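Below are the chains, spelled out letter by letter.
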Amino acid sequence: MTTTEPGTTTEPGTTTEPETGTEPKTGTATGAGPLTYDVVVVGAGAVGENAADRAGRTGLSVAVVESELVGGECSYWACMPSKALLRAGAVVEAARAVQGAAAAVTGPVDRDGVLARRDSFTHDWDDASQVEWLDSVGIALVRGSARFTGPRRLEVTDDDVGTRVLVARRAVVVATGSEPVVPDVAGLAESAPWTSREATSVQDVPASLAIIGGGVVAVEMATAFADLGARVTVLVRGDRLLAGTEPFAGGAVAESLVRRGVELRFGTEATRVVRDDHGVHLTLTRGDPLHAAEVLVATGRRPRTGDLGLETIGLTPGEPLRVDDQLRVEAVADGWLYAVGDVTGRVATTHQGKYDARVAGDVVAARFAPAGSAQGPAVDAERDVEGAGQWSRYRATADHAAVPQVVFTRPEVATVGLTEAAAREAGHAVRTVEVDLSQVAGASVAADDYRGTALLVVDEDREVLLGATFVGPDVAELLHAATVAVVGEVPLHRLWHAVPAYPTVSEVWLRLLEGYGL
Ligand SMILES: Cc1cc2nc3c(=O)[nH]c(=O)nc-3n(C[C@H](O)[C@H](O)[C@H](O)COP(=O)(O)OP(=O)(O)OC[C@H]3O[C@@H](n4cnc5c(N)ncnc54)[C@H](O)[C@@H]3O)c2cc1C
Ligand SMILES: NC(=O)c1ccc[n+]([C@@H]2O[C@H](COP(=O)([O-])OP(=O)(O)OC[C@H]3O[C@@H](n4cnc5c(N)ncnc54)[C@H](O)[C@@H]3O)[C@@H](O)[C@H]2O)c1
């Protein structure tokens with residue numbers, strides 16, 4: 001395991017982040033006066049770390065404030081532990097799908113081994129390696145919980161150190177992430193339900209788990225806990241899983257969850273929850289009551305802005321920090337306040353948040369770094385931030401047109417750009433092409449009964465890709481080609497010349513283009 005990015009480190013004490021070659025960048029603390037830095041980033045999740053890194057590359061002094069663990073949700077309670085929980089089951093299933101390998105797999109996943117591997121990814125919830133990375137790039141860490149007390153001014157409260165005042169000479173970047181929403185169901189909050197934190201950090205796998213929700217967390221955790229041997233029931237309010245994706249994606253995930261013993265109850269909501277010594281008891285809008293050892297709430301997240309002192313800078317606590325494409329908070333004058341990641345309500349994935357963080361960090365660096373300090377790739381010669389057009393490094397254009405996501409279920413669901421429905425709603429002249437992945441030679445080599453589907457959404461007027469969805473084993477790795485095609489607006493007749501190697505699953509691209517008529 002190697003460290004590849006701030007915020008997703010997997011190995012203590014190592015970093016492969018490039019040295020930035022800048023002067024030491026220290027803030028100033030004068031007596032009992034405020035700690036002063038050029039830029040203050042609130043929240044040291046993966047996204048905040050990236051914003052701090054980019055902003056600091058041109059000589060600005062940067063501090064990050066963190067109230068819990070440096071690395072944030074993704075490293076300790078979200079992406080990394082959840083994917084670690086899912087990986088063993090995927091590997092076992094992949095082996096079972098290949099004659100000759102299947103016989104070597106003789107039992108279920110080793111539950112203790114899975115949990116131990118998960119613990120290695122979270123470093124037992126210790127952030128020392130992330131702090132080491134901050135040190136190595138000259139970013140100051142201020143531990144504690146930050147609240148605004150006015151423009152560019154924060155109070156940071158820490159149980160051990162007390163309260164300090166922190167001042168940003170130039171800019172503040174808010175990257176405080178999001179928190180799970182617990183629906184207003186009678187008795188639910190009092191029943192100490194699990195959120196994704198308890199699920200991803202589980203030590204004792206419950207015999208049974210009720211999951212409320214039909215989105216990404218629900219389907220990934222249903223898969224993981226079924227692998228770990230729990231009896232899983234998913235309560236889905238609507239009539240399908242993964243409602244934001246192409247309908248066949250949620251259908252394939254539902255079919256596979258049922259095949260592995262998960263009970264799915266569609267059109268069903270909990271109306272009352274009671275916990276006693278035997279577990280949780282859920283009364284439902286339809287069907288029999290449900291009894292389970294634990295209940296996991298997976299009903300979405302909201303931006304974490306409730307306790308940030310936003311009222312002192314004219315904003316409303318609890319609301320997302322709405323930003324423009326340069327990640328400046330729209331409602332704040334003078335362009336000193338930026339926000340990135342889940343807190344913006346824009347896109348709630350780590351990779352897209354880090355993209356926004358790179359843009360925000362570059363914008364801050366270009367606007368505020370001292371003249372003549374341009375070094376490294378972060379600053380264009382002219383620093384033309386205000387005049388920056390689409391696809392400039394100073395605009396997060398991809399957030400509108402080309403957002404990728406992978407749902408790590410079995411089958412995996414990999415999506416980028418617009419679905420067919422969204423493209424039609426946006427007024428595009430749409431044509432879709434769908435291919436059965438089992439018809440591709442590489443897929444038949446990969447697994448004996450490979451099942452999957454690929455779908456392209458094409459803008460017929462311009463003959464470029466608007467979106468793509470892949471559903472099947474290991475399709476995550478097919479996604480980036482589609483993202484490149486969408487971002488590059490590569491004409492299909494040019495894509496025709498991108499020849500996929502034989503026999504790989506990527507040959508589906510050829511089948512898709514043939515299906516379009518090339
Ligand atoms: C179960 C689960 C699995 C996921 N899996 C994936 C995945 O596979 N891939 C993917 O791309 N995305 C995934 N996501 C989404 C991803 O975790 C988030 O999009 C990402 O963590 C957002 O990063 P962030 O830095 O904006 O926020 P966070 O990671 O939440 O970081 C915010 C940080 O700010 C700190 N903070 C908050 N308030 C204050 C304050 N007042 N003062 C100081 N510090 C503060 C917090 O302690 C935290 O460390 C998953 C989410 C969940 C719930
Ligand atoms: N692999 C990944 O990229 C990954 C994995 C996990 C989470 N995430 C991110 O984390 C965020 C949170 O995920 P999530 O699954 O909690 O949210 P989600 O928005 O994906 O799904 C929420 C689900 O809860 C249902 N729901 C909402 N309110 C409800 C209520 N009152 N009663 C019953 N059902 C209700 C919705 O209909 C939906 O099915 C998402 O934005 C997601 O992108 C990403």
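Just so you know, these numbers come straight off a predicted model, no measurement behind them.

Calculation rules
Each residue is numbered by its place in its chain's sequence as written, counting from 1. Chain A is the first chain written and ligand 1 is the first ligand written, with later ones labelled in order. Reporting of local features is limited, given that this is a predicted model, to residues whose pLDDT is at least 70; pairs of side-chain atoms are given and counted only at 80 or more, and all residues count toward the totals for whole chains, interfaces and linings. We call a residue near a molecule or strand when its C-beta atom, built from the backbone, sits within 6 Å of it. Those domain boundaries reflect an automatic or database domain assignment. Here the axes come from fitting lines to C-alpha atoms, over the contacting stretch only for helices, and the angles between their N-to-C directions go from 0 to 180 degrees. Think of it this way: any DSSP run of H or I at least four residues long counts as a helix, any run of E at least two long counts as a strand, and we number them from the N terminus. Angle categories: roughly parallel below 35 degrees, roughly antiparallel above 145, roughly perpendicular from 65 to 115, and oblique for all the rest. In this scheme, a crossing is called left-handed if the near helix is turned counterclockwise away from the far one by less than a right angle; it is called right-handed if the turn is clockwise. Throughout, a residue-residue contact means that the two C-beta atoms, derived from backbone geometry, are no farther apart than 7 Å. Each residue receives one of three labels: charged for Asp, Glu, Lys and Arg, nonpolar for Ala, Val, Leu, Ile, Met, Phe, Trp, Tyr, Cys and Pro, and polar for the others, Gly being one of them. By definition, two strands form a pair when at least two bridges between them are found by DSSP.

Turning to the site of ligand 1, a few remarks are in order. Among the 37 residues in the neighbourhood of ligand 1, the closest are listed as Gly43, Gly45, Gly72, Gly177 and Gly341. For the shell around ligand 1, the two domains that each supply at least three residues are domain 1 (35–75 + 121–177 + 304–398) and domain 2 (180–299).

Here we take up the packing of helix α3 (residues 79–96) against helix α4 (residues 111–121). At their nearest, the axes of α3 and α4 sit 9 Å apart, and the two run at 150 degrees to each other. Judged on the interaxial angle alone, α4 and α3 are roughly antiparallel. Judged by the twist between their axes, the crossing of α3 over α4 is right-handed. Facing α3, whose interface residues are Met80, Pro81, Ala84, Leu85 and Ala88, α4 presents Val114, Arg117, Arg118 and Phe121. Among the residues forming the contact of α3 with α4, the class breakdown is seven nonpolar, no polar and two charged.

All right, on to the domain arrangement of the protein chain then. Here the protein chain is described as being made up of domain 1 (35–75 + 121–177 + 304–398), domain 2 (180–299) and domain 3 (411–516). Taking only C-alpha atoms into account, the centre of domain 1 sits 35 Å from that of domain 3.

For the rest of this paragraph, the subject is the sheet that holds strand β14 (residues 290–292). In sheet architecture, strand pairing relies on hydrogen bonds along the backbone and comes in two forms, parallel and antiparallel. If you trace the three strands from one edge of the open sheet to the other, you get β12-β13-β14, paired in antiparallel fashion. The sheet is open, and its two borders are formed by β12 (270–276) and β14, each paired with just one other strand. Across the sheet, the mean angle separating the axes of adjacent strands is 20 degrees when strand polarity is ignored. Sheet topology places strand β13 (residues 279–284) next to β14; three bridges connect them, and they run antiparallel. Bridging from a neighbouring strand, His281 pairs with His291 of β14.

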